[in-house]
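Here are the chains, one letter per residue:
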Amino acid sequence: MMDESNEIILQKSKRLTSVVWNYFERVRKADVCYAVCIQCNKKLSGSSNSGTTHLRNHLMRCLKRTNHDMSQLLTPKRRKKENPVTVATINFDDGQAKEEYLRPKFDQDQRRDEVVLSRGSGGRFSQERSQVDLARMIILHNYPLAMVDHVGFKVFARNLQPLFEAVPNSTIEDSCMEIYIREKQRVQHTLNHLYGKVNLSVEMWSSRDNSNYVCLASNYIDEEWRLHRNVLNFITLDPSHTEDMLSEVIIRCLIEWSLENKLFAVTFDSVSVNEEIVLRIKDHMSQSSQILINGQLFELKSAAHLLNSLVEDCLEAMRDVIQKIRGSVRYVKSSQSTQVRFNEIAQLAGINSQKILVLDSIVNLNSTFVMLETVLEYKGAFCHLRDHDHSFDSSLTDEEWEWTRYVTGYLKLVFDIASDFSANKCPTANVYFAEMCDIHIQLIEWCKNQDNFLSSLAANMKAKFDEYWNKCSLVLAIAAILDPRFKMKLVEYYYSKIYGSTALDRIKEVSNGVKELLDAYSMCSAIVGEDSFSGSGLGRASMDTRDRLKGFDKFLHETSQNQNTTTDLDKYLSEPIFPRSGEFNILNYWKVHTPRYPILSLLARDILGTPMSICAPDSTFNSGTPVISDSQSSLNPDIRQALFCAHDWLSTETEGTISNSI
């Protein structure tokens, strides 16, 4: 028998593809090749003619006996691969046995159901922990629950970790529910201890089988002036559901999450919401909380949904023209020869556009805008084609070209504004005022167009915009005032353009509104104390019936106002406006200036946290409501809600708190 020092580790001439070689060292002794088990140091035949079945059988017996994790033994082997040993003699120190060199050390005090990971990691394999991790992965990435029953997944899991026992769909569903319950408790604790008030957003969803759902989410700014959004409920609506039942769904959500005393405003995804829905919610709220300034700020509309609705109105009015444009594009792209001839015509017409003609997608409104914009650049080529190609029967008249130009110009404004909104994942309310004013001004001008078709279209769109503006203009204006780069000046600038001779009256309405709102916050602060002024402060103040001097507090507050005291708003407006140049974070501004404006900062926290848009950035101009996947729609309502909500909570936890910088 040869001495151990004569054994040499072979540098592999070719890649050993079997996974078993991750657990064996191939060595040569004289002219014979051996496979040395890293785990137990046993020598087996390592010849290429012997195959690997005997090695795999030994490995399974060895690992089962020692309860070690196969997959985690990759590390020491790969470490050796990174520093390959050439065909040379290996000498061991006097105090180092060969088995110590080959075998990683394991904790001697391990439990039967755990396996120590690779040296230095300090972790242990746990079936329970792995099952929870699998459930979290399914939730986080929206994988279907049925994936645990897929053959491919089972093979992958078995090869990755032979000790992991496959779990059925029902078991992983239970694990997902446990995660949902645990995360819900965490979200509930956060809302219960919230410093400010909460805004609620309401968005309708659907599925391909025509089922309907409602997604309710909280929006707020925490004590550290960080903006948050958390989905609270994803409720499956009964097929017999009617619109007026939406109020019951919202009220149940408020009760479930104890938000009756904390609610500031509700933002709906639809421009037109049944007034009865809002009245029922207000009536319920008035039983336990004070509704600020007669509810003028309570009901809001999503800006993104308004823009989407305006685009749909434009495209619907232009439906016949757009159909002809699609026909024109199809004709040009019908054959390679036609495409070549069209390109030659475009060059002769002096068109140097690099854009490619493409057909739009009916469900993606943005693609229709891109098609219209591209076709306009090739107008000269299409007109020439109309005059010289008698088989081309989809040409536009001069009037239709003019309509297309006007509509596309307006769509560009809307799409650019929507792009600005979606560039920030969750923008604060102050970013919307100027953009919505620009749309308002453009609609006013468009209504003056001499073309009956265009003016009629503009009038219909402006009627829908006015409905939005009547609900949201005060919140938009107050949010702009709370931006130290604008204050009242931006309101004065835009209102003079929008309202003309009546601008001063409109500006006064905004000024009175913000003062009245600040008075409500000041009075509540005086009653409950600034340190106690949380989101439920207003509600507690109105419900504390045992304080017989509440009337005196109100009297003291009102009479003090007549003594020429300077309010936070007065101080704030009297100071210079911040320059617009450079990066500016409005949440950081109010965090720093809270000690200077203690009452106004309370108002700013709630106003700036109001969701003025609730549409996902990647679905702003998709036709119809958001649609859940087929795998989600097939689940029972409870697990569907658990997966939807937990996905939002885990994603927020993974990505970190929203950082808003404008």
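As annotated in an unreviewed UniProt entry, the chain carries the name BED-type domain-containing protein and is attributed to Arabidopsis thaliana. According to its UniProt record, the chain has this under Subunit (unreviewed entry): "Homodimer." On record in UniProt, under Subcellular location (unreviewed entry), the comment for the chain is "Nucleus".

Here the focus is the overall build of the chain. For the chain, the count of helices and strands is 25 helices and nine strands. Relative to its full complement of 662 residues, the chain shows a buried share of 48%. Once local pairs closer than 6 in sequence are excluded, the contacts in the chain between residues at least 24 apart make up 70%. Summing over all exposed atoms, the chain offers an accessible surface of approximately 33200 Å²; the carbon and sulfur share of this is 49%.

Spatially, the five strands line up as an open sheet ordered S7-S6-S5-S8-S9, and their pairing is mixed. Strand pairing shows two members of the sheet lacking a second neighbour, strand S7 (227-236) and strand S9 (299-301), which therefore form its edges. Across this sheet, the average inter-strand angle for adjacent strands is 25°, counted without regard to direction. Examined bridge by bridge, strand S5 (residues 198-206) and strand S6 (residues 212-221) share eight bridges and lie antiparallel to one another. In the sheet register, tryptophan 205 faces S6, and the bridge partner there is tyrosine 213. The sheet strands contacting helix H8 (residues 275-286) are strand S8 (263-268) and S9, and the helix crosses S8 at an angle near 165°.

With that out of the way, let us pick up the pairing of S7. Within S7, eight of the ten residues are buried, which leaves the element mostly enclosed by the surrounding structure. The sheet contact formed by S6 and S7 spans nine bridges and is antiparallel. Along S7, the bridge assignment pairs tyrosine 220 with histidine 228. In this antiparallel pair of consecutive strands, S6 and S7, the connection spans five residues, and tryptophan 225 shows a positive phi of 60°.

Here helix H23 (residues 598-608) lies mainly inside the structure; ten of its eleven residues are buried. Listed in full, the buried residues belonging to H23 are Ile599, Leu600, Ser601, Leu602, Leu603, Ala604, Arg605, Asp606, Ile607 and Leu608.

Relative to the helices and strands, threonine 397 is located in the loop between helix H13 (379-388) and helix H14 (398-423). Its relative accessible area of 39% is what places threonine 397 among the partly exposed residues. In this structure the C-alpha to C-alpha distance between threonine 397 and cysteine 383, which are 14 residues apart in sequence, comes to 9.0 Å.

Here the focus is a nonpolar patch on the surface. Where nonpolar side chains cluster on the molecular surface, the patch consists of Ile356, Val358 and Val370 and spans about 240 Å² of accessible area. Tracing the backbone through its elements, the reader meets valine 358 in the loop between helix H11 (336-348) and helix H12 (365-377). Residue classification places valine 358 among the partly exposed positions, given a relative accessible area of 38%.

Another aspect to go through is the packing of aromatic side chains. Under the counting rule described, the total for this entry stands at 28 aromatic pairs. Aromatic side chains tyrosine 493 and tyrosine 494 sit 5.0 Å apart centroid to centroid with 75° between the ring planes, which places their arrangement in the edge-to-face category. By relative accessible area, tyrosine 493 is classed as partly exposed at 46%. A cation over a ring is seen here: lysine 43 above tyrosine 34, with NZ or CZ 5.8 Å from the ring centre. Sitting over the face of the ring of tyrosine 572, lysine 487 holds its NZ or CZ atom 4.5 Å from the ring centroid.

Quick look at the side chain of aspartate 568 now. Within the secondary structure layout, aspartate 568 lies in helix H21 (residues 568-574). If we ignore the near neighbours within four places in the chain, the residues touching aspartate 568 are Arg596, Tyr597, Pro598, Ile599 and Leu600.

So, on to helix H15 (residues 433-446). Its 14 residues place the ends of H15 20 Å apart at the C-alpha level, agreeing with the 20 Å of an ideal helix rising 1.5 Å per residue. Listing the buried residues of H15 in full gives Phe433, Glu435, Met436, Cys437, Ile439, His440, Leu443 and Trp446. Looking at the buried residues of H15, the elements they touch are helix H9 (303-317), H14, helix H16 (452-481) and helix H17 (487-499).

Below, the discussion takes up the pairing of S6. Among the ten residues that make up S6, nine are buried, leaving the element largely enclosed by the rest of the structure. Between S5 and S6, which pair antiparallel one after the other, the connecting turn spans five residues, and asparagine 210 there sits at a positive phi close to 70°.

So, about the environment of isoleucine 586. Positionally, isoleucine 586 belongs in helix H22 (residues 586-593). Under the relative-accessibility criterion, isoleucine 586 is labelled buried at 1%. Taking the C-alpha atoms as reference, isoleucine 586 lies 9.4 Å from arginine 485; in sequence the two are 101 residues apart.

Our focus in this paragraph is the environment of asparagine 294. Mapped onto the secondary structure, asparagine 294 falls in the loop between H8 and S9. Between the C-alpha atom of asparagine 294 and that of lysine 282, which follows or precedes it by twelve residues, the distance is 10.0 Å.

A cluster of acidic side chains, namely Glu243, Asp244, Glu248 and Glu276, defines a negative patch on the protein surface. Mapped onto the secondary structure, glutamate 276 falls in helix H8.

Let us now look at the nonpolar core. With 108 residues, the main nonpolar core has Phe433, Met436, Trp446, Trp469 and Trp590 as its most contacted residues. Here methionine 436 is in contact with Ala303, Leu306, Leu307, Phe421, Phe465, Tyr468, Trp469 and Leu476, once residues within four sequence places are set aside. The next biggest cluster of nonpolar side chains, apart from the first, holds 61 residues, and it includes Leu145, Phe164, Ile179 and Leu194.

On to the packing of H9 against H15, then. One way to put it is that H9 packs onto H15 with a least axis distance of 12 Å and a crossing angle of 25°. Here H15 runs roughly parallel to H9, going by the angle between their axes. In terms of crossing hand, the pair formed by H9 and H15 is left-handed. Between H9 and H15, the residues in contact are Ala303, Leu306, Leu307, Leu310 and Cys314 and Met436, Ile439 and Trp446, respectively. Tallied by class, residues from the contact of H9 with H15 come to eight nonpolar, no polar and no charged.

We now examine the pattern of salt bridges. All told, the structure shown has 28 salt bridges when counted by the stated rule. Here aspartate 648 and arginine 229 are joined by a salt bridge, their closest N and O atoms 3.8 Å apart. Taken as a pair, aspartate 648 in helix H25 (residues 637-655) and arginine 229 in strand S7 lie far apart in primary sequence, 419 residues in all. With a relative accessible area of 25%, arginine 229 lands in the partly exposed category. Linking glutamate 275 and lysine 471 is a salt bridge whose minimum nitrogen-to-oxygen distance equals 3.2 Å. Of this pair, glutamate 275 sits in helix H8 while lysine 471 is found in helix H16, placing the two residues 196 residues apart along the sequence. A residue is classified by how much of its surface remains accessible, and lysine 471, at 24% relative accessible area, is partly exposed. Each member of the salt-bridge network shares a partner with another, and the members are Glu275, Glu299, Lys301 and Lys471.

The rules behind these values
Residues numbered from 1 in each chain as written. Predicted model: local features only at pLDDT ≥ 70, side-chain atom pairs only at ≥ 80, totals over all residues. Heavy atoms only, no water. UniProt positions renumbered as here; feature names shortened; annotations may be inferred. Helix = DSSP H or I, 4+ residues; strand = E, 2+ residues; numbered from the N terminus. Buried < 20%, exposed > 50% of the residue type's maximum accessible area, 1.4 Å probe, protein only. Contact = heavy atoms within 4.5 Å. Areas by Shrake-Rupley, 256 points an atom, 1.4 Å probe, with all protein chains shown as cover. Pairing = 2+ DSSP bridges. Axes fitted to C-alpha atoms, helices over the stretch in contact; angles between N-to-C directions. Patch = residues over 30% accessible without salt bridge, like charges linked within 9 Å, V, L, I, M, F, W, Y side chains within 5 Å. Salt bridge = Lys/Arg side-chain N within 4 Å of Asp/Glu carboxyl O. Phe/Tyr/Trp six-rings, centres within 6.5 Å; stacked < 30°, edge-to-face > 60°. Lys NZ or Arg CZ within 6 Å of the ring centre and 35° of its normal. Expected span 1.5 Å × (residues − 1). Lys, Arg positive; Asp, Glu negative; His and termini not counted. Charge placed at Lys NZ, Arg CZ, Asp CG, Glu CD. Core = buried A, V, L, I, M, F, W, Y, C linked by side-chain atoms within 4.5 Å. Parallel < 35°, antiparallel > 145°, perpendicular 65-115°, else oblique. Left-handed = near helix turned anticlockwise from the far one by under 90°. Nonpolar A, V, L, I, M, F, W, Y, C, P; charged D, E, K, R; others polar.

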